[in-house]
Amino acid sequence: QVQLVESGGGLVQAGGSLRLSCAASGGTFNTNAVGWFRQAPGKDREFVATIGWRGGNTDYADSVKGRFTISRDNAKNTVYLQMNGLKPEDTAVYYCAARRFIFLSPHADQYDYWGQGTQVTVSS
């Protein structure tokens, strides 16, 4: 059973940067696609970014394209989300998720393992 732990969240001013990490334990996720999702208060969980098992394929929500970058280091069992140019509307709890398949997906219901989330707050 893969367990995911997110870290790197915090409070940052608009225009600032944060790097989130998602570390896997209890197994590896070298053959799993991984995604980042977020949920703001009173809103549904939404897709942010996803990366295929080798890291060569990625996809992003339109709202973060050009600002966020997803990457992975399979040797470290870790996936990253570099967030630049943060905006107040990026404020949310960010969740890491892994699929039992190698192909990326923007759909939350296609992910099998979820972390507990890390809070990102962007002040204006």
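Preceding this section is the structure that the text describes.
Caption draft 1: Quick look at the sheet that holds strand E7 (residues 68-73). Taking strand neighbours across the sheet as the criterion, the four strands line up as E1-E3-E8-E7 in an open arrangement whose pairing is antiparallel. Taken across any chain shown, the strands that pair with only one partner, and hence form the sheet edges, are strand E1 (3-7) and E7. Looking at each pair of strands side by side, their axes are set apart by 15 degrees on average, direction ignored. Where E7 lies against strand E8 (residues 78-83), six bridges are found, and the strand directions are antiparallel. Opposite Thr69, over in E8, you have Gln82 as the bridge partner.

Caption draft 2: Quick look at the pattern of salt bridges. For the coordinates displayed, the defined rule picks out five salt bridges. The closest approach of N and O atoms between Glu46 and Arg38, which form a salt bridge, is 2.5 Å. Among the residues examined, Glu46 registers a relative accessible area of 35% and is labelled partly exposed. Assessed through its relative accessible area of 5%, Arg38 is described here as buried. The salt bridge involving Arg100 is made with Asp112; its shortest N-O contact spans 3.4 Å. In this pair, Arg100 is assigned in the loop between strand E9 (92-98) and strand E10 (113-114) and Asp112 in the loop between E9 and E10, connecting sequence segments 12 residues apart. Accessibility expressed as a relative area gives 31% for Asp112, which makes it partly exposed. Three or more residues are tied together by salt bridges with common partners; here these are Arg38, Glu46, Arg67 and Asp90.

Definitions and cut-offs
Residues numbered from 1 in each chain as written. Predicted model: local features only at pLDDT ≥ 70, side-chain atom pairs only at ≥ 80, totals over all residues. Heavy atoms only, no water. Pairing = 2+ DSSP bridges. Helix = DSSP H or I, 4+ residues; strand = E, 2+ residues; numbered from the N terminus. Axes fitted to C-alpha atoms, helices over the stretch in contact; angles between N-to-C directions. Salt bridge = Lys/Arg side-chain N within 4 Å of Asp/Glu carboxyl O. Buried < 20%, exposed > 50% of the residue type's maximum accessible area, 1.4 Å probe, protein only.

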